[in-house]
Protein chains: 2
Amino acid sequence: MVEEEILLQQLFEEEKLTDKQKKILLAAIDTFSEKGYAATSTSEIAKKAGVAEGTIFRHYKTKKELLVSIVTPLISKVFGPFIVKDFHKVLDQPFENAEDFLRATIENRREVFKKLLPVIKIIMQEIPFQPELREQFVEQVAKKTYERILVVIQDYQDKGQIIDMPPASVARLAVSSIFGYLISRYIFFPESEWDDEIETERTVHFILHGIGKK
Amino acid sequence: MVEEEILLQQLFEEEKLTDKQKKILLAAIDTFSEKGYAATSTSEIAKKAGVAEGTIFRHYKTKKELLVSIVTPLISKVFGPFIVKDFHKVLDQPFENAEDFLRATIENRREVFKKLLPVIKIIMQEIPFQPELREQFVEQVAKKTYERILVVIQDYQDKGQIIDMPPASVARLAVSSIFGYLISRYIFFPESEWDDEIETERTVHFILHGIGKK
DNA sequence: AATAAAAGTGAGTGATTACTCACTTCGAAA
DNA sequence: TTTCGAAGTGAGTAATCACTCACTTTTATT
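Residues numbered from 1 in each chain as written. Chains lettered and ligands numbered in written order. Predicted model: local features only at pLDDT ≥ 70, side-chain atom pairs only at ≥ 80, totals over all residues. Heavy atoms only, no water.

We now examine the domain arrangement of chain A. Residue and element names in this part refer to chain A. Examined at the domain level, chain A breaks down into domain 1 (1-60) and domain 2 (64-214). Of the roughly 1600 Å² buried between domain 1 and domain 2 on both sides combined, carbon and sulfur atoms contribute 73%. When the buried area of domain 1 at its contact with domain 2 is split by residue, Leu11, Tyr37 and Tyr60 rank highest and sum to 40% of it. The interface formed by domain 1 and domain 2 contains zero salt bridges. Applying the counting rule to domain 1 against domain 2 returns two residue pairs in polar contact (both at pLDDT 80 or more). Of all the secondary-structure elements, those providing two or more residues to the side of domain 1 that touches domain 2 are helix H1 (2-11), helix H2 (19-35) and helix H4 (53-59). Of the residues forming the side of domain 1 that touches domain 2, the biggest block, six residues, is contributed by H2. Split by residue class, the side of domain 1 that touches domain 2 holds twelve nonpolar, four polar and two charged. (Domains from an automatic or database assignment. Buried area = accessible area lost by both parts, 1.4 Å probe. Salt bridge = Lys/Arg side-chain N within 4 Å of Asp/Glu carboxyl O. Polar contact = N/O pair within 3.5 Å; in protein donor to acceptor, adjacent residues only side chain to side chain. Helix = DSSP H or I, 4+ residues; strand = E, 2+ residues; numbered from the N terminus. Nonpolar A, V, L, I, M, F, W, Y, C, P; charged D, E, K, R; others polar.)

The next thing to look at is the UniProt feature "DNA-binding region" (unreviewed entry) in chain A. In this numbering, the UniProt entry assigns the feature "DNA-binding region" (unreviewed entry) to residues 41-60 of chain A. Measuring from the first to the last C-alpha atom of residues 41-60 of chain A gives 14 Å, for a span that is 75% helix and 0% strand. (UniProt positions renumbered as here; feature names shortened; annotations may be inferred.)

Once chain B is rotated about the relating axis by 179° and shifted along it by 0.1 Å, it coincides with chain A to within an RMSD of 0.2 Å. In short, the pair behaves as if placed about a two-fold rotation axis. Mapped onto chain A, 98% of the interface residues of chain B are again interface residues, and the two copies thus contact each other with one and the same surface. (Least-squares fit on C-alpha atoms with pLDDT ≥ 70 in both. Contact = heavy atoms within 4.5 Å.)

Moving on, we come to helix H7 (residues 117-126) of chain A. Counting buried residues in H7 of chain A gives seven out of ten residues, a clear majority hidden from the surface. Among the residues making up H7 of chain A, those that are buried are Leu117, Val119, Ile120, Ile122, Ile123, Gln125 and Glu126 of chain A. (Buried < 20%, exposed > 50% of the residue type's maximum accessible area, 1.4 Å probe, protein only.)

See the structure below:
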């Protein structure tokens, strides 16, 4: 309950929310992430939130608007921070080498991923079907974040720490490795025992040196 | 139309299908992959297939049975072959080095991915929500395939071509890279221009040597 | 040609869906 | 204390949902 409050606070920090509104959002996040958006009925959300069904539609004109109002702040606050926080880490107190940057990035994204897991599940599920969400995602992530990542990569390429592969391909490969780790860790095999420190090191080493023996 | 016939033939080769049954399956694959299972109505499938709604339920007791009967053969015929074909390639006419094996694997998976894209989308979408499918998937893919991959990895480790990282981690990292490529290629940015030969080489090089400069 | 089983049909079923609206309750400002 | 807009309610609505069933048509076997 307390932890959920924190999640809400992070996603809707600037908005004033009624008590019942919070309950609606939490119930919606819970059910969407568990059963999927289309398979969730508004009556179910109302029931779980302990609220009349009409109350939902007092605040959100449609069911889709409820979905969007959950996902939108996430997109700007999870992928946005990649830009702001981590990028400033690089510029303001730049990591000497790519290795430290990678390690910091993985650990940082892991925290966010873990904390916002239910909402991230919703995004992953609904992006293929909701053009509205996809467009937002592309705008926020593909364009903004991507451009910044490219700059970071080129920075380390200039320093001679990264091979001369097109930055777009470098980005794809590194991002695949990081998200592959997070998805294995929190979605596919959350039950397994994970030594996160060691796995992070392995991932960093892999991104930099691969699995081949010289 | 012809290409779709081939897809059906591959998935349902041993079953005798009526003309209308084929049309139902194609319409279902199409709509499920486009809008998602839960958001697709049986009346919509019937309409798209040019068939009465009752005809669907003549062959499939429930909507979920229709889903399962599409996904099940895919799991055993697409992910099964990962085991059989590719693994036998390694054992019967073993690749001398890990590099050749990787290249062959990526190219092989790319063909399959491309050909069965709509059905793969359905699997990816529905596995989180359908315990029945997830169990099948785990049984057929995660267990069998995974065990075989581990053997291959250990084989190359014994040959001294792969570093001494636990095979499970090696598998995760390599599979992430390959699927990261395929997902970028066919799901996220199918519209972009891709030079598959070059990207395959980059992915192979990345898996073996990373992006770091020695 | 006769027959039976399988395939196909479409109107009809009760349940559920997202959403509305006339109404009540609440909370803060005047 | 009065007042007024926002918050909350829940019975009601038309549409749609997955699914049924009595019936017709097609197909294969003799």
